[in-house]
Amino acid sequence: AGLAVVAKAAGKLYFGSATDNPELSDAPYVAILSDTKEFNQITPGNSMKWDATEPSRGTFRFANGDAIVDLAKNNGQLLRGHTCVWHSQLPSWVTNGGFNNATLQSIIQTHCSTVVDHYKGQIWDVVNEPFNEDGTWRTSVFYNTIGPEYVAVALRAARAADPNAKLYVNDYNIDGTGAKSTAMVNLVKSLQAQGAPIDGVGIQGHLIVGQVPTTIQANIEQFAALGVEVAITELDIRMTLPVTDALLQQQKRDYQTVIAACNAVPKCVGVTIWDYTDKYSWVPSVFNGQGAALPWDANFNKKPAYDGIVAGF
Ligand code: XIL
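Residues numbered from 1 in each chain as written. Predicted model: local features only at pLDDT ≥ 70, side-chain atom pairs only at ≥ 80, totals over all residues. Heavy atoms only, no water.

**Some words on the overall build of the chain**
Which entries qualify depends on this criterion: Here a strand is any run of E in DSSP of at least two residues, a helix any run of H or I of at least four, and the numbering for each starts at the N terminus. Our radius of gyration looks at C-alpha atoms and nothing else; its globule reference is 2.2 Å times the residue count to the power 0.38. Note on classification: 1.4 Å probe, protein chains only; a residue is buried when its accessible area is under 20% of the maximum for its type, exposed when over 50%, partly exposed between these limits. We call two residues in contact whenever any of their non-hydrogen atoms come within 4.5 Å of each other. Areas reported here follow the Shrake-Rupley algorithm with a probe of radius 1.4 Å; residue values treat only the protein chains shown as occluding. When charges are counted, Lys and Arg contribute as positive and Asp and Glu as negative, whereas His and the chain ends are disregarded. Here the site of a charge means NZ on Lys, CZ on Arg, CG on Asp, or CD on Glu.
The helix and strand tally for the chain stands at 13 helices and 10 strands. Scaling as 2.2 N^0.38, a compact globule of 313 residues should have a C-alpha radius of gyration of about 20 Å, and the chain matches this with 18 Å. Dimensions of the chain along its principal axes, counting C-alpha atoms only, are 55 × 40 × 35 Å. When each of the 313 residues of the chain is scored for burial, the buried share is 56%. Restricting the contact set of the chain to residue pairs at least 6 apart, pairs at least 24 apart contribute 78%. Accessible surface for the chain amounts to roughly 11800 Å². Of this, 50% is attributable to carbon and sulfur atoms. Of the side chains in the chain, 22 bear a positive and 29 a negative charge, and the two mean positions are spaced by 4 Å.

**Concerning helix 9 (residues 179-194)**
Threshold: Every helix has an expected span of 1.5 Å times one less than the residues it contains.
Here helix 9 spans 23 Å end to end across 16 residues, near enough to the 22 Å set by a 1.5 Å rise per residue. For helix 9, the set of buried residues is Lys-180, Ser-181, Ala-183, Met-184, Val-185, Leu-187, Val-188 and Leu-191. One or two positions beyond helix 9, positive phi appears at Gly-195, with a value near 75°.

**Examining the nonpolar core**
Quick note on the threshold: The definition of a nonpolar core used throughout is a set of buried Ala, Val, Leu, Ile, Met, Phe, Trp, Tyr and Cys residues joined through side-chain atoms within 4.5 Å.
The biggest cluster of nonpolar side chains holds 95 residues, and the ones touching the most others in it are Phe-15, Val-85, Ile-108, Trp-124, Phe-142, Ile-220 and Leu-235. Looking at this core, the element that brings in the most residues is helix 8 (residues 149-161), giving 9 residues. In contact with Leu-235, not counting residues within four places along its chain, are Gln-204, Gly-205, Leu-207, Tyr-255, Val-258, Ile-259, Val-271, Thr-272, Ile-273, Trp-274 and Leu-294. One finds Tyr-14, Ile-123, Tyr-168 and Ala-231 within the second-largest nonpolar core, a separate group that totals 5 residues.

**Points about the confidence of the model for the chain**
Spelled out, the test is: Confidence of the predictor in every single residue is expressed as pLDDT, which spans 0 to 100.
Residues with a pLDDT of 70 or more make up 100% of the chain, whose mean pLDDT is 98. Both scores are available for the predicted complex, with the pTM at 0.98 and the ipTM at 0.99.

**Notes on helix 10 (residues 216-224)**
Defined as follows: Each direction from the helix axis to a C-beta atom contributes to the arc, which is the arc of those directions.
Among the residues of helix 10, Ile-216, Asn-219, Ile-220, Phe-223 and Ala-224 are the ones counted as buried. In an axial view of helix 10, the angular spread of the buried residues amounts to 140°, which keeps them on one side of the axis. Elements in contact with the buried residues of helix 10: helix 9, strand 6 (200-203), strand 8 (229-240), helix 11 (245-263) and strand 9 (268-273).

**Quick word on the state of the cysteines**
Basically, it comes down to this: Disulfide: a pair of cysteine sulfur atoms within 2.5 Å of each other.
Inspection of the entire model under this criterion finds 1 disulfide. Disulfide partner of Cys-262: Cys-268, at an S-S distance of 2.1 Å. The disulfide joining Cys-262 to Cys-268 has a torsion of about -100° about its S-S bond and is therefore left-handed. For Cys-84, which is in no disulfide, the shortest distance to another cysteine sulfur is to Cys-112 and amounts to 3.4 Å. By relative accessible area, which is 0% here, Cys-112 ends up buried.

The structure is reproduced here in structure tokens:
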């Protein structure tokens, strides 16, 4: 029936895929990406990041992001903006600018309001990866200069630019319960106590075959209990290569486990995989010796993981 079809039949808003501009010249790739029975949501993997959108101060570049927005619009797909404030893929004029607190706050405000205004009417990962594994704050230029308040500064700027956008904080290794997930719970509570706009928690979901946390549903429930939405925003489940039948079968079960956990919690509104084919996965370039993390193989054949996703909804 298609992944988006089964997700919507289960009451979810969307099932989506990340994509990136260089892939859009691959016609067989685009055909599946544009099939709204499979995907009714798209996330740009790189083209809305700070280095892409504001490479020098006050100079904004929207062409690559616009190309992905146009594709999604033509297909009738939702779009998830990714991401306003992140320590990575951040131009050195921000990282090494030596700005004081007030100036960096105004730089965040200008950046987030300009980008969220340009890409209006979307879901946004406003802040990405604020925490360390132990739940302490990551020492980015934003945290070091502004303190934890940088998160609310970014969210308020995004809300002012587009009152209709759903605003998320997103992180990895917050799939199961633990110190990092607790930090996210505490951040949401603190934002709510200050009256800062926060609509959702994004669980990236970069996982390893055979190692899906057993507490994933309980963890989604603890986020949902805060009154916010939850989404799985960057799901992939990687394996140590070479691919074997046993690993593919375990991967199928793992995808089913993750999807079933989201499915069980009404406030978990949707799932996005971090691209759909192993041809374009980021995994092999970052995790040495690992790959085959997605439900379609590099030749666009569906893997057992695809059936695991269907079974999870
Ligand atoms: C990755 C992209 O997929 C790669 O193409 C790029 O080289 C690095 O970033 N968490 C995130 C994403 O929030 O933005 C990252 O995307 C993957 C990890």
